[in-house]
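In case you want the letters, here they are:
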Amino acid sequence: MSLIDLSGVGESRLALLNKLNIYSIGDLLSHFPKKYEDRQRCRPLKDLLGDSDEQYPVEVKVLGYDYFYANKKKVLKVVVTDGFLRANLICFNRDFMKNVLEEGKEYIVFGDFQYRYGEVQATRFDFVPKGSAGESLNFMRIVPIYPLTEGITQNFMRQIIFEALTSTRFGESLPESIIKKRQLMSKRESFREIHFPKDHKTLEKAIYRLKYYELFELECNVALKKHYFTHHKERKYKDNPAGLVSQLIQSLPFKLTSGQKDALREIKEDLLSQNTMYRMIQGDVGCGKTVVAILAMLTVIESGYQTALMVPTEVLAKQHYQTLSGWLNPLSIRVELLTGGVKTSKRKEILETIKDGSAQIIVGTHALFSEDVKYHELGLIVIDEQHKFGVQERIQLIEKGEALDILVMTATPIPRSLSLTVYGDLELTVIREKPRRSIEIYSHIVSSDEKRKAMYQFMDKEIDKGRQGFVVCPLIEESEKIDLNSTMSVFEAIKSQLPNRNTALLHGRHSPQEKEDIMAAYLNGEYDILISTTVIEVGVDISNASFMVVENADRFGLSQLHQLRGRIGRGNYHSHCFFCIDHNLSEDGKSRLKALMSHNDGFALAEEDLKIRGPGEFLGNRQSGLDSLKLANLITDEPILLKAKEDAFQILRVDPKFELPENQMLAKTIYKRFEDEYRLYLTS
Ligand code: ADP
Ligand code: MG
């Protein structure tokens, strides 16, 4: 059956349905009500006239007709009574209602009754002859109110959905065992009930079942992904208590925090197990993830395998290379740097050391996984600051070795709801504490010209002391030109306010190489101030930077602002972050900045951010599968999510390929829904 077979649906209505994203009967059935009106019981007119917004149907009898003039036009009033009060039904441009609502007959009316112009009246109303109210889809029941488009009425939508419901055969897609265990409503009943509920309780059960299913599908995908990416590994790592790991720990100028120790313990367990590791360390900027990664790498190196550390930019690669070399050369470990910027002859040399295994740690950008890079025996890959790391990249990496162990590190806190879904196939280690530091980062809001002036003076003084700083402008994606203009004008402003300072400008039109060069020069102290769009967000340590100015701070996401702020205060200097805002800030902008001033905890901020922006935008992509959620809300429905997750993983544990008879229906729907992704897995 297709839409066109429904009564009343022809070409023109079909086009209107398409406008509502309804292309099939299935889409129609999933066009859920946005709300309901309880029209189960009639009440007297007087109950409708108070302050309450509640609406009820009323039973009335038509007494006669009357007219009044509005804008020189004659308007019909149908005079009715419920036996106690009189009311008028106002029929603008609907003179024909005189023939529809017949004198002396009884009707059930649902309308916007109010006391106006010295009478009780309704201007918008639905009605049905009293005798046929029982069969109506619009009366004597809880009535669905649908999202509509012009040309489609509620009444019509109700009719076609009702018809579709009665003529559809619903095959149950959930295994019987789950329905029993969670006491879920059947698929068939839940679809019926969500559109035409018997009562409030069954409606609730229907919504629960449908939400559960949405989340269950999502979690099946997560469980499958996890299954495909977990491999048995032949490699065995040694557990050597007196080895490199403890040697490095002893040589460190600080003690590991307990969060770092916990992370290390979990990583070690993964590494020593017979399955490949796929773990993410999530920890706010400055919590000390690098040293954890290094210690993980040492475990692997000690057993004779290579490790690679991949980062998103060349500058960051160089920085990590220096840190690692400084710590590991004393332990006679060979670290190499491989980026796109390495010259051909040098590159050849490095490739040779990677191939013969003498390079033990290779630090680099994506270049680490170019075609011509051959590893001797790669065991572990660490990926830093890459939380938007996709399936495609993962497959590329995995091809560089046998059943590789993967460790991902990110400072972008992933809210719990997303770690359960989009990132649900990762094991997660969260480092909550930061090493105690003696320096502070102060946040300021700059909202007036005087404050701005004071800010420039402050910057000048800091530069006098030998410090550096950043000025960050929002990236305006729609227009590179506006982007350039706005950064240029900020540049001009700084030039005129601080004429004797060396200022560099970094914008979207610079090539990646130019960006790297400017960053490197800045790192080298050649500039006092670096003005840029958000490219500095990612991981680079500039320990000499003590101030940051964020222009149009309200244009940034909350997590992003926090990340930016984390770029300063990395050295031994107290640091200051200035958030510049317009005088007339939006409500959203206000609540973001308020959160920012009151929390310095990236996790709390990420949760706030998710609430303000919603998961789609938070992730910055649409392919997360989350946009398929029509009813379920990841934050408020977390209890359902947890159950769905438990069930999905349990099924996959028992039946990883959906081969049992009771999982057949599931196999069909899940594979179909995530077809593209599975093609990737299955060919990998
Ligand atoms: P992030 O987690 O942001 O990548 P880093 O690994 O760059 O943080 O660490 C930030 C700074 O803190 C580095 O200078 C590092 O040497 C230092 N550090 C790491 N762990 C500790 C610790 N346990 N105590 C003191 N300082 C530490
Ligand atoms: Mg880092």
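All of the points below concern the structure found in this document. (Residues numbered from 1 in each chain as written. Chains lettered and ligands numbered in written order. Predicted model: local features only at pLDDT ≥ 70, side-chain atom pairs only at ≥ 80, totals over all residues. Heavy atoms only, no water.)

Looking at the overall build of the chain
Looking only at helices and strands, one finds 24 helices and 22 strands in the chain. Burial statistics for the chain: of 684 residues in total, 52% are counted as buried. By element, 48% of the accessible surface of the chain is carried by carbon and sulfur atoms, the whole surface being about 33,300 Å². Taken together, the 92 basic and 95 acidic charged side chains of the chain have centroids lying 2 Å from each other. (Helix = DSSP H or I, 4+ residues; strand = E, 2+ residues; numbered from the N terminus. Buried < 20%, exposed > 50% of the residue type's maximum accessible area, 1.4 Å probe, protein only. Areas by Shrake-Rupley, 256 points an atom, 1.4 Å probe, with all protein chains shown as cover. Lys, Arg positive; Asp, Glu negative; His and termini not counted. Charge placed at Lys NZ, Arg CZ, Asp CG, Glu CD.)

Points about the sheet that holds strand S4 (residues 86-91)
With mixed pairing, 7 strands are arranged side by side in an open sheet as S6-S7-S4-S3-S2-S5-S8. Only two strands of the sheet have a single partner each, and these edge strands are strand S6 (114-116) and strand S8 (125-129). Across the sheet, the axes of successive neighbouring strands diverge by a mean angle of 40 degrees, strand direction being ignored. Bridging between strand S3 (residues 73-81) and S4 involves 6 bridges; their strand directions are antiparallel. Bridging from a neighbouring strand, lysine 77 pairs with isoleucine 90 of S4. (Pairing = 2+ DSSP bridges. Axes fitted to C-alpha atoms, helices over the stretch in contact; angles between N-to-C directions.)

A short note on the nonpolar core
Counting residues in hydrophobic clusters, the biggest one holds 55 residues, and the most contacted among them are Phe216, Ile354, Tyr375 and Phe658. For this core, the leading source of residues is helix H7 (residues 200-229), giving 9 residues. Split by domain, the residues of this core number at least three in each of domain 2 (171-229 + 640-684) and domain 3 (251-431). For phenylalanine 658, the residues in contact, after removing those within four places along its chain, are Cys220, Leu224, Ile651, Leu652, Asn663, Gln664, Leu666, Ala667, Ile670 and Tyr671. Counting residues in each nonpolar core, the second largest holds 41 residues, with Leu248, Ala263, Val300 and Leu337 among its members. (Core = buried A, V, L, I, M, F, W, Y, C linked by side-chain atoms within 4.5 Å. Domains from an automatic or database assignment. Contact = heavy atoms within 4.5 Å.)

Quick notes on the sheet that holds strand S16 (residues 427-431)
Taken together, the 7 strands give an open sheet; going across it, the order is S12-S13-S11-S14-S15-S10-S16, and neighbouring strands pair in parallel fashion. Looking at strand neighbours, the two that pair on one side only are strand S12 (335-338) and S16, the edges of this open sheet. Direction aside, neighbouring strands of the sheet carry axes that sit 20 degrees apart on average. One ladder, built from 4 bridges, connects S12 with strand S13 (residues 361-364); its direction is parallel. Looking at the pairing, leucine 338 lines up with glycine 364 of S13.

Details of the packing of helix H18 (residues 558-565) against helix H19 (residues 587-598)
Remark: H18 packs on H19, axes separated minimally by 10 Å, with the N-to-C direction vectors making an angle of 40 degrees. Judged by the twist between their axes, the crossing of H18 over H19 is right-handed. The segment H18 lies against H19, with Leu558, Leu561, His562 and Arg565 engaging Arg592, Leu593, Ala595 and Leu596. Of the residues assigned to the contact of H18 with H19, the class counts are 5 nonpolar, 1 polar and 2 charged. (Left-handed = near helix turned anticlockwise from the far one by under 90°. Nonpolar A, V, L, I, M, F, W, Y, C, P; charged D, E, K, R; others polar.)

A look at the pattern of salt bridges
Per the counting criterion, the structure on display carries 29 salt bridges. Among the salt bridges present, the one from glutamate 462 reaches lysine 465, with a minimum N-O distance of 2.9 Å. Each of the salt bridges in this network shares a partner with another, and the network as a whole consists of Lys181, Arg182, Glu646 and Asp647. (Salt bridge = Lys/Arg side-chain N within 4 Å of Asp/Glu carboxyl O.)

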